[in-house]
Amino acid sequence: MAFDVAAVRGLFPALGDGWVHLDAPAGMQVPEQVATAASTALRAPVSGPGGNFPASQRAEAIVEAARRAIADLVGTKPTGVVLGPNSAVLLGRLADALGDGWMIGDDVVVSRLDSPANVDPWQRAAQRSGSTVRWAEIDIETCELPTWQYSELVTPRTKVVATTAASGAVGTRPDIRPAAEAADEHGALLVVDASAAAPFLPLDITALGADVVAVNASAWGGPPVGALAFRDPAMLDHLPSVSLDHSARGPERLEMGPHALPLLAGLVASVDYLADLDDAAIGPRRERLLTSLRAVKSYQAGLLTTLTNGLRKLPEVVLIGDAMRRIPSIAFTVNGVKAEDAVAHLADQGICAFADPGTHGVFAALGAAEVGGAVRVGLAHYTNTREVDQLLQAVAGLA
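Residues numbered from 1 in each chain as written. Predicted model: local features only at pLDDT ≥ 70, side-chain atom pairs only at ≥ 80, totals over all residues. Heavy atoms only, no water.

- Per an unreviewed UniProt entry, the chain is named Cysteine desulfurase-like protein, and its organism is Saccharopolyspora rhizosphaerae.

1. So, the nonpolar core
- With 109 residues, the main nonpolar core has Ile70, Trp220, Leu267, Leu311 and Phe332 as its most contacted residues.
- Here this core gets 10 residues from one element, more than from any other, and that element is helix H3 (residues 54–74).
- In terms of domain composition, this core takes at least three residues from each of domain 1 (5–31 + 289–398) and domain 2 (35–272).
- Excluding residues within four positions of it along the chain, Phe332 makes contact with Leu311, Val317, Val318, Leu319, Ile320, Ala374, Val375, Val377 and Val395.
- Counting 26 residues, the second-largest nonpolar core is a separate cluster that includes Val82, Val110, Leu189 and Ala214. (Core = buried A, V, L, I, M, F, W, Y, C linked by side-chain atoms within 4.5 Å. Buried < 20%, exposed > 50% of the residue type's maximum accessible area, 1.4 Å probe, protein only. Helix = DSSP H or I, 4+ residues; strand = E, 2+ residues; numbered from the N terminus. Domains from an automatic or database assignment. Contact = heavy atoms within 4.5 Å.)

2. Re the pattern of salt bridges
- The tally for this structure, following the rule as stated, stands at 14 salt bridges.
- A salt bridge links Arg128 to Asp96; the nearest nitrogen and oxygen atoms lie 2.6 Å apart. With Arg128 in helix H5 (residues 120–129) and Asp96 in helix H4 (residues 87–99), this pair connects stretches of sequence that are 32 residues apart.
- Residue classification places Arg128 among the exposed residues on the basis of a relative accessible area of 52%.
- On the basis of relative accessible area, Asp96 is assigned to the partly exposed category, the value being 36%.
- The closest approach of N and O atoms between Asp276 and Arg288, which form a salt bridge, is 2.6 Å. Of this pair, Asp276 sits in the loop between helix H9 (261–275) and helix H10 (285–312) while Arg288 sits in helix H10, and the two are 12 residues apart along the sequence.
- For Arg288, a relative accessible area of 17% gives the class buried. (Salt bridge = Lys/Arg side-chain N within 4 Å of Asp/Glu carboxyl O.)

3. Structural notes on the sheet that holds strand S7 (residues 212–216)
- Pairing is mixed across the open sheet formed by 7 strands, whose spatial order is S2-S8-S7-S6-S5-S3-S4. Every interior strand has two partners, whereas the edge strands, strand S2 (81–84) and strand S4 (132–136), have only one. Strand after strand, the sheet turns through a mean of 20° between neighbouring axes, direction not considered.
- With 5 bridges connecting them, S7 and strand S8 (residues 226–230) associate as antiparallel partners. Bridge pairing links Val212 to Phe230 in S8.
- Taken strand by strand, H3 contacts S2, S7 and S8, and its axis lies near 120° from that of S2. (Pairing = 2+ DSSP bridges. Axes fitted to C-alpha atoms, helices over the stretch in contact; angles between N-to-C directions.)

4. Quick look at a negative patch on the surface
- Residues Asp175, Glu181, Asp184 and Glu185 make up a contiguous surface patch of negative charge.
- Structurally, Glu181 is set in helix H7 (residues 177–186). (Patch = residues over 30% accessible without salt bridge, like charges linked within 9 Å, V, L, I, M, F, W, Y side chains within 5 Å. Areas by Shrake-Rupley, 256 points an atom, 1.4 Å probe, with all protein chains shown as cover. Lys, Arg positive; Asp, Glu negative; His and termini not counted. Charge placed at Lys NZ, Arg CZ, Asp CG, Glu CD.)

5. A short note on the side chain of Arg67
- Within the secondary structure layout, Arg67 lies in helix H3.
- When residues no more than four places from it in sequence are discounted, the contact partners of Arg67 are Pro78, Val81, Val82, Leu83, Pro251, Glu252, Glu255 and His259.

6. Considerations on the environment of Arg9
- With respect to the secondary-structure elements, Arg9 resides in helix H1 (residues 5–9).
- Setting aside its immediate chain neighbours within four residues, Arg9 contacts Leu15, Tyr382, Asn384, Arg386 and Glu387.
- Separated by 3.2 Å, the side chains of Arg9 and Glu387 make a polar contact. (Polar contact = N/O pair within 3.5 Å; in protein donor to acceptor, adjacent residues only side chain to side chain.)

7. Points about the sheet that holds strand S9 (residues 317–319)
- Strand order in the open sheet formed by 4 strands is S9-S10-S13-S12, and the pairing between neighbours is antiparallel. This sheet does not close on itself; its edge strands, each paired only once, are S9 and strand S12 (354–356). Between one strand and the next, the sheet's axes are offset by a mean angle of 35°, whatever the strand orientation.
- Bridge count for S12 against strand S13 (residues 374–378) is 3 bridges, and the pairing is antiparallel. In the sheet register, Ala355 faces S13, and the bridge partner there is Val375.

8. Topic: the layout of surface pockets
- There is about 720 Å³ of room inside the largest pocket.
- Listing elements by their share of the lining of the largest pocket, those giving two or more residues are H4, S12, helix H12 (361–366) and S13.
- Here the residues of the lining of the largest pocket sort into 20 nonpolar, 14 polar and 4 charged.
- Two domains each put at least three residues into the lining of the largest pocket: domain 1 (5–31 + 289–398) and domain 2 (35–272).
- In this model, the second largest pocket occupies a volume close to 400 Å³.
- Together, 18 residues line the second largest pocket, and Pro49, Glu252, Gly257, Pro258 and His259 are the ones closest to its centre. (1 Å grid on protein atoms, 1.4 Å probe; cavity = no way out; pocket = protein on both sides within 12 Å on 5 of 7 lines; lining within 4 Å. Points joined across faces, edges and corners; volume = space filled by probe spheres on them. Nonpolar A, V, L, I, M, F, W, Y, C, P; charged D, E, K, R; others polar.)

9. A look at the packing of aromatic side chains
- According to the stated counting rule, one finds 4 aromatic pairs in the structure shown.
- For the ring pair Phe3 and Tyr299, a centre distance of 4.7 Å and an interplane angle of 35° mean the geometry is tilted. Note that Phe3 is positioned in the segment before H1 and Tyr299 in helix H10, a separation of 296 residues in sequence. Residue Phe3 shares its accessibility class with Tyr299, and that shared class is buried.
- Look at Phe12 and Tyr273: their rings are 5.7 Å apart centre to centre, the planes differ by 85°, and that puts the pair in the edge-to-face class. Of the two residues, Phe12 is situated in the loop between H1 and strand S1 (20–21) and Tyr273 in helix H9; the sequence distance between them amounts to 261 residues.
- According to the relative accessible area criterion, Tyr273 is buried, its value standing at 2%.
- Lying across the ring of Trp135, Arg112 places its NZ or CZ 3.8 Å from the centre. (Phe/Tyr/Trp six-rings, centres within 6.5 Å; stacked < 30°, edge-to-face > 60°. Lys NZ or Arg CZ within 6 Å of the ring centre and 35° of its normal.)

Here it is, written out as structure tokens:
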């Protein structure tokens, strides 16, 4: 496989600012081709869909191209792709639609490993209906999500099992199959948030066993657009509609108001960018995506090993979690140093990183607030060995 990080870096004008961007969990920088696609769409005559003139037909073509792009990324049909501002908004709409049919005695299963985007909507829906929220807990030593618990958590009254394909906070990639099998056995819907996983792993909705997969394009350098991909598009017509168009069918039933067409044009360009990360990738876009993302996974594994091994050699640094499978997002603490002070030091060294106070999400479950929070960093497609070394040197200055 041919992943050339130097060539990839050349695609990102933003890297000219001189900073080391290890802030990928908040979204990667934007490749030039994505910015160009969005700006070109802004300049072109575009109207609302449904008209018999070129500007309207152009709008319809952009929406359909965006659905095909996400379908290729996830491995489903374009008719099963819902588009919107981000995955949190779309998961909220899905939870609202599904929750209308819940009642007291029903339950939903969520996980401590997930981001609030795939937890809060289900909690709110359960609260409105009087349903119960059941929690899949994490192993506090490894940050793994033990699989055995799903056979106990999922029951015939479970309506939804929500979990993550990978944690953008601590990097853990849980084994989703046991959750999928338990959900299937009891007729529950499995909703997988793949927002953090999509930039680094080939996705296949069928192999995951998921009914719905959520992604955010900004995670891989796309515009601020999200999508829900349904394994069975026919399910959409059985959901209550949130659309302003009461005759809406298919994915439009979960889409509200007009689309941001220039952003959707950028979305298509961003998926094409992913497909071409390996210059040896050939064939249809779906095949190129699988090839390129396998190359990304291999490249990132080497960088992640260098980073984690380097941090473990520093006596005052404690890595949070030690999952067997992970994406290149990590969290750590430095003994005696608050996370906010640590990231301020990193910023003085020209490194972008985040401090999490440890008061919510997975870090709250781990008790990170007690040690001053956690430092979060994430590698991107354009991260190179020099930048990893620079981070290690900067952290050594703290420890």
